Amino acid sequence: MTEQPIIRFEQVTKQFNGDSAILKDVSFEIERGKFYTLLGPSGCGKTTILRLIAGFTEPTSGKIHFNGKVINHIPANKRQVNTVFQDYALFPHLNVFENVAFGLRIKKLKKADITAKVMEALRFVNLVGYEGREITEMSGGQRQRVAIARAIVNEPEIILLDEPLSALDLKLRTEMQYELRELQRRLGITFIFVTHDQEEALAMSDEIFVLSQGIIQQSGTPTDIYDEPINRFVADFIGESNIVPGKMTQDFLVEFAGRTFECVDRGLNPNELIEIVIRPEDLEITTHELGQLQVRVDSQLFRGVHYEIISSDETGNKWLVHSTKKVVVGESIGLTFEPEAIHVMRFGESEEDFDRRLEAYA
Ligand SMILES: Nc1ncnc2c1ncn2[C@@H]1O[C@H](COP(=O)(O)OP(=O)(O)OP(=O)(O)O)[C@@H](O)[C@H]1O
């Protein structure tokens, strides 16, 4: 028997003061011990999901299950959940030790137990030796670690992290991404992390939920989502892509840019209109004659590791190419790609409907 999910949202809708719904009939499951990321643009409802899990707000309709029990009305302080906020919400008048100890003092633990637990949490985040420091004397990255220590000291089953890296500069941010990921592995606690940064989500997560307009557009592993975006929103939001209109003439054959190509997808209706996604790094540059597609180079930018080339084919499609080869603007070149590089999306169909259709077909 598979273990039941630690969190399950069952058709959860959230509306504020009669306004239109922020979350619309959202259903998902969170498994124990994994690193999840809620990814989406500003205002899509990511923080609202965290607040619902934490118990800071209740759903307008639907059910939230925690270890199989409905927790809609359970107050925040009775849930095995701790949150690390964007601004860390540390107490500036308390030192590092007291910040971490705060929750344990409220629970009235014995002094010796508090010391042992706080030191253990500080050890986890590599801050032993800093316990007497004032919060104001700590750097951004160190404050971040204090906030995490304050969450883990309560031994929660879930840690919620609301854009915790957004205040850090790029270098520190990358370091903290590694640190957080590593910490989650060592602790084995479920992490639910919120970000609007797709690279961060791809780098850190076991599973990503891509949200837009109060709906989970797609969920899956980073490679699932990157390689097989379900719709135009996900393809655009996760990395750069070429999206062109096409037709599925039969299984394993697609037509776009006026030609027919082999692909690895099947299960669509003959001649169904689709959108084709090809990632810029999956296009190879060759001579005009050897290309599967002939394009004219419109522009070229040097990006350090690669050139970013914008080109167009005869039917007017634009093709973005990432290549280590340099080309000449105005020149006609050929593009080649493997059948696996062609990803097929259909218009306006949900992930569930898509899967159901594929299953029925298989
Ligand atoms: N208490 C509230 N009352 C009314 N509207 C709210 C409330 N909290 C959030 N909203 C609205 O709900 C929508 C979603 O907000 P939420 O904070 O969940 O988005 P988000 O995806 O986390 O965005 P961001 O990345 O900007 O933090 C926004 O339009 C916001 O204005």
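Here goes a summary of the coordinates provided. Since we're looking at a predicted model, the values are computed, not measured.

### Considering the site of the ligand
(1) Moving on: Near the ligand the following residues occur: Phe16, Ile22, Gly40, Ser42, Gly43, Cys44, Gly45, Lys46, Thr47, Thr48 and His196.
(2) Moving on: Tallied by class, the residues present in the shell around the ligand amount to three nonpolar, seven polar and one charged.

### A look at unusual backbone geometry
(1) Moving on: The backbone of glutamate 163 shows a phi angle near 45 degrees, a positive value even though the residue is not glycine.
(2) Moving on: Given 19 C-beta atoms within a 10 Å radius, glutamate 163 is considered partly exposed.
(3) Moving on: For asparagine 271, which is not a glycine, the phi torsion comes out positive at approximately 65 degrees.
(4) Moving on: Look at asparagine 271 and you get exposed, because 11 C-beta atoms sit within 10 Å.

### Looking at the pairing of strand 19 (residues 332-336)
(1) Moving on: The two faces of strand 19 differ: Ile333 and Leu335 on one face are buried, but Ser332, Gly334 and Thr336 on the other face are not.
(2) Moving on: Pairing of strand 15 (residues 284-286) with strand 19 involves three bridges; the strand directions are antiparallel. What sits directly across from glutamate 284, in strand 19, is threonine 336.

### So, the packing of helix 2 (residues 96-106) against helix 3 (residues 111-124)
(1) Moving on: Contact pair helix 2 / helix 3: the axes reach a minimum separation of 10 Å and the direction vectors enclose 130 degrees. Taken together, the axes of helix 2 and helix 3 lie oblique to each other. Between helix 2 and helix 3 lies a crossing of right-handed hand. Residues Phe97, Val100, Ala101, Leu104 and Arg105 of helix 2 form the contact with helix 3, whose own contacting residues are Ile114, Lys117, Val118, Ala121 and Leu122.
(2) Moving on: Here the contact of helix 2 with helix 3 is composed, by residue class, of eight nonpolar, no polar and two charged.

Cut-offs applied
Residues numbered from 1 in each chain as written. Predicted model: local features only at pLDDT ≥ 70, side-chain atom pairs only at ≥ 80, totals over all residues. Near = placed C-beta within 6 Å. Nonpolar A, V, L, I, M, F, W, Y, C, P; charged D, E, K, R; others polar. Buried ≥ 20, exposed ≤ 12 C-beta atoms within 10 Å, placed from the backbone. Helix = DSSP H or I, 4+ residues; strand = E, 2+ residues; numbered from the N terminus. Pairing = 2+ DSSP bridges. Axes fitted to C-alpha atoms, helices over the stretch in contact; angles between N-to-C directions. Parallel < 35°, antiparallel > 145°, perpendicular 65-115°, else oblique. Left-handed = near helix turned anticlockwise from the far one by under 90°. Contact = placed C-beta atoms within 7 Å.

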